[in-house]
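If you want the building blocks of each chain, they are given just below.
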Amino acid sequence: DTVEAGTVVRGNDELERNMVRVETVALSKGLPPEVITVLLDLALSLNAGTANCTRVLKFLIPATVVPQEAIVKGVSWLCVGKMPMNAQVLFVRWVLTVFDLIDCKDDLRSIYGFIFSFVTEENLCPFICHLLYLLTMREHVHPYRVRKLLDIQAKMGRQPFLTQLLALYKVFRPDLVTLSLPSRVRTGFKNHNSTWKVALSAVQRKNKGAVLVDQSLSLDVKEKPSSRKRKLHHLAIPPLTSAFDSNSSKKVLRLQELRSFKELLENIHNIELPAQMGSLLGSALALHYLDCVQDESAFLRLNFWLGHSLQEETCGSLFHKPQDVYQSFFLPWFVFVHCSQEGFSSTESFLYKFLSVWDGCLLRPQILDLLSDIPLMPSFSVESRICFFFLCSVIECLNSMLVKWLTWHSVSASEGGLDISLNIMELVRFVGLLASEGLRLESCHVLLLNQTLAFYETVCDMFLKFSLPLIIMPPAGVFYPALFATDSVSVDRLGYIMYRYRKNLTLAKKQEQQREQTFHISRNTYKEFNRNLQAMVNSMWNSWWCVPGSEIEIDKDLIALSKVAEPWCRFDLIHHPALFSYAIEFHQRVSEIFSH
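This write-up is about the structure you can find in this document. (Residues numbered from 1 in each chain as written. Predicted model: local features only at pLDDT ≥ 70, side-chain atom pairs only at ≥ 80, totals over all residues. Heavy atoms only, no water.)

This brings us to the packing of helix H8 (residues 125-135) against helix H10 (residues 160-172). Their axes nearest at 9 Å, the elements H8 and H10 cross at an angle of 25°. By the angle class used here, H8 and H10 are roughly parallel. The handedness of the crossing between H8 and H10 is left-handed. Across from Cys-125, Pro-126, Cys-129, Leu-132 and Tyr-133 in H8, the residues of H10 making contact are Phe-161, Leu-162, Gln-164, Leu-165 and Leu-168. Residue composition of the contact of H8 with H10, grouped by class: 9 nonpolar, 1 polar and no charged. (Axes fitted to C-alpha atoms, helices over the stretch in contact; angles between N-to-C directions. Helix = DSSP H or I, 4+ residues; strand = E, 2+ residues; numbered from the N terminus. Parallel < 35°, antiparallel > 145°, perpendicular 65-115°, else oblique. Left-handed = near helix turned anticlockwise from the far one by under 90°. Contact = heavy atoms within 4.5 Å. Nonpolar A, V, L, I, M, F, W, Y, C, P; charged D, E, K, R; others polar.)

So, in structure tokens, the structure goes:
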């Protein structure tokens, strides 16, 4: 209906009823393209008031696609300058959210200059840079735009969103962007779709025929979950969709129209990249196209999409539903990396994050294959980031092997099976040497130390749990790093291990005295246990960790050079670095009790 000029907005009950009705439909079914156009114009023109402007934008959920002319008209209202800044930001965020639902983008690219003019607005700059990044083509990169971005960077500092856009400019025109940019640019654009993501995903699930939202927006939405675990709705390969109008005057061919490699070769110069770069991973012809044209901008955009898709929740979700995630996302990704022989910084970042929680088994061939594609780096970096986690995985694997051997022995020993005690003894001593050297090289890293202690939790109970007449103490290179560790978990585990050793040795000695066993525990084993136990008691209870004649005896003059006050009590129960925080907490609680 036509609304008369001068109609009052505030307190208008009819307007409120209509707004509620439209909002209900929008959040349940989504809005058709023609309604999106009308409502967006109503909101941005401020004809319904400033408050209703933001309200309309927040429930502007498309059912299928968003008309390009609606976005263009919205940019024109942005140029008028009447909207408050929060409404301007909300509008650009909305455009970013529905970017890949826009039916075509030719006209949007034709007003690139108008959109670029808003980079000078500090509040809008991060969002405008993101929008420009999605729209930029080679013809848009000009010297004056590069200079403008560099001027803004000089004022604002090296912001990730500016660096990301300049990196894309440099790919298209390296002669214009002479600035040295970091080789591994962290993700410059944050996800801005939190206002609409729940409603938009709900509508898309109902309207299955609708175009899927670009996965770079990371719509990791859940339906009122009962668990706090995050889902991986965004880790899937999106379908191929064109970034251009099919009726455009440009002679372009969409990748999804190709049916054979011959068609690809015949039209190699008339193909435009799809709107959703992640869709390339699901198309064999698209991978051939990338391999043929060697388009740096394509690799840059694909790396950006991968970075968004792999960040934050990927590692945990991969363990949570490995097969689902593998089939929908990782398999096409592995195939692409293998075919393209290209290393991505986003892949590299993912690997360094994933290796810290990797169990060494999940997707092992693929993960090791990806490791071979990471960029060249200093050897110390490879050692610290990769070899360290590999060493932890090796010790974990050997622990698993030991448990299986011991389980087999406990079952077959009564049946007169093969005696494998010698093999187990060699394995335990080998791991002791390996762990001692690893702890020395890695400065007693807490993760490696705990993997080693987990191994010795198995070793200390070989007699009681697995009926193996063999007791092997940990070497000094393992025992003392655990005793003087700075984390309470390692000290606690060492105490438990010593307790279990005592239980095993006590039982072995009792059976030996009662002549119930045919084996004999070496006196050296008892001596080694007593020596370690004495070291723990002297250090933590008697406040004297450096006993003359012991394995850790240190020259008094050398201790004096450290200038540490009362060095003999630095590792007792009160002052031990791993337990000091508990002593402080106890003191505070006691003080609170007496203060009351």
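Counted under the stated rule, the structure contains 3 aromatic pairs. Taking 5.4 Å as the distance between ring centres and 85° as the angle between the ring planes, the aromatic pair formed by Phe-455 and Tyr-456 counts as edge-to-face. Relative accessible area serves as the criterion here: at 0%, Phe-455 is assigned to the buried category. The class of Tyr-456 is buried, set by a relative accessible area of 2%. On the basis of an interplanar angle of 85° and a centroid distance of 5.0 Å, the ring pair of Phe-479 and Tyr-480 is categorised as edge-to-face. By relative accessible area, which is 9% here, Tyr-480 ends up buried. Put simply, the rings of Phe-479, Tyr-480 and Phe-484 touch in pairs and so form one group of aromatic residues. (Phe/Tyr/Trp six-rings, centres within 6.5 Å; stacked < 30°, edge-to-face > 60°. Buried < 20%, exposed > 50% of the residue type's maximum accessible area, 1.4 Å probe, protein only.)

So, about the pattern of salt bridges. For the structure on display, the rule yields 8 salt bridges. Among the salt bridges present, the one from Lys-73 reaches Asp-41, with a minimum N-O distance of 3.6 Å. Of the two residues, Lys-73 is situated in helix H4 (residues 68-80) and Asp-41 in helix H2 (residues 33-44); the sequence distance between them amounts to 32 residues. On the basis of relative accessibility, which here comes to 41%, the residue Lys-73 falls in the partly exposed class. For Asp-41, a relative accessible area of 24% gives the class partly exposed. The partner of Arg-589 in a salt bridge is Glu-585, and the shortest N-O contact between them spans 2.8 Å. Taken together, the residues span about one helical turn, with Arg-589 and Glu-585 both in helix H27 (residues 580-595) at a distance of 4 residues. For Glu-585, a relative accessible area of 33% puts it in the partly exposed group. Put simply, Asp-461, Lys-465 and Arg-500 are held in one network by salt bridges that share partners. (Salt bridge = Lys/Arg side-chain N within 4 Å of Asp/Glu carboxyl O.)

The end-to-end C-alpha separation of helix H20 (residues 421-441) is 30 Å, in line with the 30 Å expected for 21 residues at 1.5 Å each. For H20, every residue scored as buried is listed here: Ser-421, Ile-424, Leu-427, Val-428, Val-431, Gly-432, Ala-435, Ser-436, Gly-438 and Leu-439. Buried residues of H20 fall within an arc of 170° about the axis and therefore sit on the same side. Along H20, the residues that are exposed and aim more than 90 degrees away from the buried face are Leu-422, Arg-429, Leu-433 and Arg-440. Count one or two residues on from H20 and you reach Ser-443, which has phi positive near 55°. (Expected span 1.5 Å × (residues − 1). Arc of directions from axis to C-beta.)

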